Amino acid sequence: MSVMATTGRRWYAKPAGVIVSMVVPVAAVLLWWFASLDSTSPFFPSLQAILSAFQETWLFTRVGSDVVPSLGRMLAGYGIAVVVGVGLGILFGRFPLLHRAFNPALQFCRALPATALVPVSIVLMGIGTAPKVALIAFVTVFPVMLNTIDGVRAVDEVLEDVSRSFRLTRLQRVFHVQLPAAAPQIVSGMRIALSVSFVLMVVTELVAATDGIGYVTLQAQQSFQVPQMWAGMLLLGILGVLFNGAFVLLERRLLRWYSHD
Amino acid sequence: MLSVEHLKKSYPHSGGSLEVLRDISFTVEAGEFVTIVGPSGAGKTTLLRCLAGLLPRSGGSVTLTTSGRVVDSPPPEIACVFQDYSRSLMPWSKVGRNVEIPLKNKIRERGKRHEQVERALREVDLDGFADSYPWQLSGGMQQRVAIARALAYRPEFLIMDEPFASVDAQTRADLEDLILRVRHDAGLTIVLVTHDIDEAVYLGDRVVVMSGRPTTVVDTVTVDLPRPRSQIATKALPRFAELRTEVLKLITRDGAEVTA
Ligand SMILES: Nc1ncnc2c1ncn2[C@@H]1O[C@H](COP(=O)(O)OP(=O)(O)OP(=O)(O)O)[C@@H](O)[C@H]1O
Ligand SMILES: [Mg+2]
């Protein structure tokens, strides 16, 4: 990161910066509130109606029954994808021949549109938790794995010399050199995988599901409870922002060394 | 003792091959400080990588005569300091950890390991910097970290590839004296390559002069300057001037240009 960006971050941390960045959202909410205040349209209910639907549905009646299962499946799938993706990425990155052998199959699997795999996962694994987690993991493993392969391959040859000359073991080289060197790429793969897994969390709940945020929102739409549907959107938006924020914090911790100059 | 006999190295190069080292032979006695001077692109890095067991040879042999071991892979007796400190340190690890990681297989006990790390950092005057990141330090300090890492490893042989090429003149002189001091304290055997004739003469017991590519050994010059050496007194000796002229002649006879 450049010096400009660093001073920029400091500037944002100042109260004045916080206020500036709040102006647009607050204005948007106020505009929405007043413009929709006496809305009679069944499709665009008032913000007031949406908020009360939100409170009724998500605070906290359906947290245990739907939000937790949704997020649980997403994080399980994402977690599996990260572990498997990094593991396979290191393996393929270090053994080009192996990568060559598997690459056509990997490219084929990666090219399959995620949404088209939803019915396939149901046929193969039924309608419970397993097919949803498996699908999220299957699809999001690719960005993690491919970025890990690139990162591991790009380890500086001088550092390779250093680790060989000081006779580090294979495992030490993975943990002290290859993984940290590839961390910037791995993290950017993880960032893509996180947003994809969030999308898939909802998508897997739109077909043959019995709970989840996506399920509840779809039910609301199908039973003409439009405010509830909008409330679902609101919740998804808030969750998305929270995930992003959490990820930025994680990234800063993992890559402190990377953003120095 | 380290013995290099008829070492050859070619790289595959657009269909054919690029002959870099044609025929290199020399020996390094235990406790000796041998400097190798050669023009840019002569294959100095290539030579050191062969000596350290990091690069397969195309011919000839490199032998550690004390153990009778042929150097085909990096041996535990050798530690290296690389040309480019900014690439040889791990930027994600703090200084202390950079020095410690190579010791993990040598010293199992953590407390002892940390002691050795601290001692090595003290030897290069970096005590107190264990918790800094390498990129928070100046270039000269970073190269001192790389030297501390090699010292902590307690090698018999220290192999250095133009270790002072990318720092300013004053830092360079300081680092040269630092190497002379730790070498004296630790009783190390050192092989150092450089393209700088003054440095080669100032540091070495012997100077191996290499030609330009395809590289051979032109001659070896014994440096009969008294020790301990000093940047001012040693470099003012008439003998110093004679020796550097002698080396310079050997190099220019070969037709290559070198920074004198
Ligand atoms: N891995 C490699 N593959 C192919 N050619 C190489 C390789 N490494 C070095 N060379 C070539 O070998 C020659 C010698 O390179 P080397 O780096 O050993 O020289 P050097 O004397 O250390 O140079 P410098 O003074 O710039 O450090 C150069 O022409 C270089 O292009
Ligand atoms: Mg070199």
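The name recorded for chain B in an unreviewed UniProt entry is ABC transporter, from Planotetraspora silvatica.

Under an unreviewed UniProt entry, chain A has the name Nitrate ABC transporter permease and belongs to Planotetraspora silvatica. Quoted verbatim from the Subcellular location (unreviewed entry) field of the UniProt record, the comment on chain A reads "Cell membrane".

Enquirer: How do you make sense of the coordination of the magnesium ion (ligand 2) when you look at a structure like this?
Expert: Think of it this way: four donors in a tetrahedron around the metal ideally sit 109.5 degrees apart, and six in an octahedron ideally sit 90 or 180 degrees apart. Residue and element names in this part refer to chain B. Those protein atoms acting as donors to the magnesium ion (ligand 2) are Thr45 (OG1) and Gln83 (OE1), and they sit at 1.9 to 2.4 Å. One end of the pair, Thr45, is in helix H1 (residues 44–51); the other, Gln83, is in the loop between strand S6 (78–81) and helix H2 (85–88), with 38 residues separating them in the sequence. Its relative accessible area of 32% is what places Thr45 among the partly exposed residues.

Enquirer: When you look at the UniProt feature "domain: ABC transmembrane type-1" (unreviewed entry) in chain A in this model, what are you seeing that I'm missing?
Expert: Sequence positions flagged by UniProt for "domain: ABC transmembrane type-1" (unreviewed entry) are, in local numbering, residues 67–251 of chain A. Between the C-alpha atoms that bound residues 67–251 of chain A there is a distance of 25 Å. The span itself is 85% helix and 0% strand.

Enquirer: I keep staring at the UniProt feature "domain: ABC transporter" (unreviewed entry) in chain B and nothing clicks. Help me out?
Expert: The UniProt entry lists residues 2–237 of chain B under the feature "domain: ABC transporter" (unreviewed entry), expressed in the numbering used here. Split by type, residues 2–237 of chain B is 32% helix and 28% strand. Its first and last C-alpha atoms lie 31 Å apart.

Enquirer: Looking at this structure, I do not really get a nonpolar patch on the surface. What am I missing?
Expert: A contiguous nonpolar surface patch, about 530 Å² in accessible area, is contributed by A:Val18, A:Met22, A:Val26, A:Leu30, A:Phe34 and A:Leu37. With respect to the secondary-structure elements, A:Met22 resides in helix H2 (residues 15–35).

Enquirer: Is there a simple way to think about helix H9 (residues 170–204) of chain A in this case?
Expert: At 3.6 residues per turn, the α-helix brings residues three or four places apart onto the same side. For H9(A), spanning 35 residues, the distance from its first C-alpha to its last is only 40 Å, which falls clearly below the expected 51 Å at 1.5 Å a residue. A:Ala183 marks the point of greatest bend in H9(A), at about 60°, and the proline A:Pro184 comes within the next four residues.

Enquirer: What am I meant to see in the nonpolar core here?
Expert: Buried together is how nonpolar side chains tend to be arranged in soluble globular proteins. With 125 residues, the main nonpolar core has B:Leu51 and B:Ile147 as its most contacted residues. Take this core: its biggest share by element is 13 residues, from H9(A). If you count residues domain by domain, this core takes at least three from each of domain 1 (2–77 + 155–253) and domain 2 (89–154) of chain B. When residues no more than four places from it in sequence are discounted, the contact partners of B:Ile147 are B:Val81, B:Val124, B:Met160, B:Phe164, B:Leu175, B:Leu178 and B:Ile179.

Enquirer: Which parts of the structure should I look at to understand the UniProt feature "transmembrane region" (unreviewed entry) in chain A?
Expert: Residues and elements named next belong to chain A. The UniProt record marks residues 12–35, 75–96, 108–127, 133–149, 192–209 and 229–250 with the feature "transmembrane region" (unreviewed entry), using the residue numbering of this structure. Within residues 75–96, the helical portion is 95% and the strand portion 0%, while the C-alpha atoms at the span's ends are 31 Å from each other. For residues 108–127, helix accounts for 65% and strand for 0%, while the C-alpha atoms at its two ends are 25 Å apart.

Enquirer: Could you clarify how one ought to interpret the sheet that holds strand S9 (residues 206–210) of chain B in this entry?
Expert: One key point about sheets: their strands pair by backbone hydrogen bonds, in either a parallel or an antiparallel sense. All names here are of chain B. Reading across from one edge, S5-S4-S1-S2-S10-S9-S3-S8-S7-S6 is the order of the ten strands in this open sheet, with mixed pairing throughout. Each edge of the sheet is formed by a strand with only one pairing partner; in this case those strands are strand S5 (69–70) and S6. Bridge count between strand S1 (residues 2–13) and strand S4 (residues 59–64): five bridges; the pairing is antiparallel. Each bridged residue has a counterpart across the sheet, and for Ser3 the counterpart in S4 is Thr63. H1 contacts S1, strand S2 (16–28), strand S3 (33–37), S4, S6, strand S7 (157–161), strand S8 (189–194) and S9 of the sheet and is inclined by roughly 120° relative to S1. Packed onto the sheet, helix H9 (residues 238–253) meets S3, S9 and strand S10 (215–222) and runs at close to 165° relative to S10.

Enquirer: What is the right way to read the interface of chain A and chain B from this model?
Expert: Many analyses report the size of an interface as the accessible area lost when the parts associate. Every contact between the two is made by 20 residues of chain A and, on the other side, 26 residues of chain B. Counting the surface lost from both chain A and chain B, the interface buries some 2,300 Å², and carbon and sulfur atoms represent 63% of this. Here B:Arg87 makes a salt bridge to A:Glu157, at a shortest N to O gap of 3.8 Å. Linking chain A with chain B are seven residue pairs in polar contact (both at pLDDT 80 or more), by the criterion used here. Elements supplying a minimum of two residues to the side of chain A that touches chain B: helix H8 (157–165) and H9 of chain A. For the side of chain A that touches chain B, the element with the highest residue contribution is H8(A), accounting for seven residues. Residues belonging to the side of chain A that touches chain B are distributed by class as follows: nine nonpolar, five polar and six charged.

So, how was this worked out
In every chain, residue numbers begin from 1 and rise along the written sequence. Chain labels run from A onward and ligand labels from 1 onward, assigned in the order the entries are written. The predicted nature of this model means local features are confined to residues of pLDDT at least 70 and side-chain atom pairs, given and counted, to a pLDDT of 80 or more, with totals for whole chains, interfaces and linings taken over all residues. With hydrogens and water stripped out, all remaining heavy atoms of the structure feed into the side-chain values. UniProt positions are given in the numbering used here, feature names are shortened, and annotations may be inferred rather than shown by experiment. Coordinating donors are taken as N, O and S atoms within 2.8 Å of the metal, stretched to 3.2 Å for Na, K and Ca; because water is absent from the atoms, sites can appear incomplete. By the criteria applied, helices consist of DSSP H or I runs no shorter than four residues and strands consist of E runs no shorter than two, each listed in order from the N terminus. Partly exposed describes any residue whose relative accessible area lies between the buried limit of under 20% and the exposed limit of over 50%, with all areas from a 1.4 Å probe on protein chains only and scaled to the type maximum. Note on patches: the residues involved have over 30% relative accessible area and no salt bridge, like charges join within 9 Å, and the nonpolar side chains Val, Leu, Ile, Met, Phe, Trp and Tyr join within 5 Å. Throughout, the Shrake-Rupley method with a 1.4 Å probe supplies accessible areas, and for residues the shown protein chains are the sole cover considered. The rule for a salt bridge is simple: a side-chain nitrogen of Lys or Arg has to be within 4 Å of a carboxyl oxygen of Asp or Glu. Multiply 1.5 Å by the residue count of a helix minus one, and that product is the helix's expected span. Working definition for bend: take the seven residues up to and ending at a residue and the seven starting at it, fit an axis to each, and measure the angle between the axes. Grouping buried Ala, Val, Leu, Ile, Met, Phe, Trp, Tyr and Cys residues that are joined through side-chain atoms within 4.5 Å yields what is termed a nonpolar core. These domain limits were set by an automatic method or by a database of domain assignments. Residues count as neighbours in contact if any of their non-hydrogen atoms are within 4.5 Å of one another. Should DSSP find at least two bridges between two strands, the strands are taken to pair. For helices, the fitted line uses only the C-alpha atoms of the stretch in contact; every axis is such a line through C-alpha atoms, and the angle between N-to-C directions lies from 0 to 180 degrees. By definition, the buried area sums, over both parts, the 1.4 Å-probe accessible area that each loses when the two are put together. By the criterion applied in these results, polar contacts are pairs of N or O atoms within 3.5 Å in which, for protein atoms, one can donate a hydrogen and the other can accept it, and in which residues neighboring in sequence qualify only through two side-chain atoms. Each residue receives one of three labels: charged for Asp, Glu, Lys and Arg, nonpolar for Ala, Val, Leu, Ile, Met, Phe, Trp, Tyr, Cys and Pro, and polar for the others, Gly being one of them.

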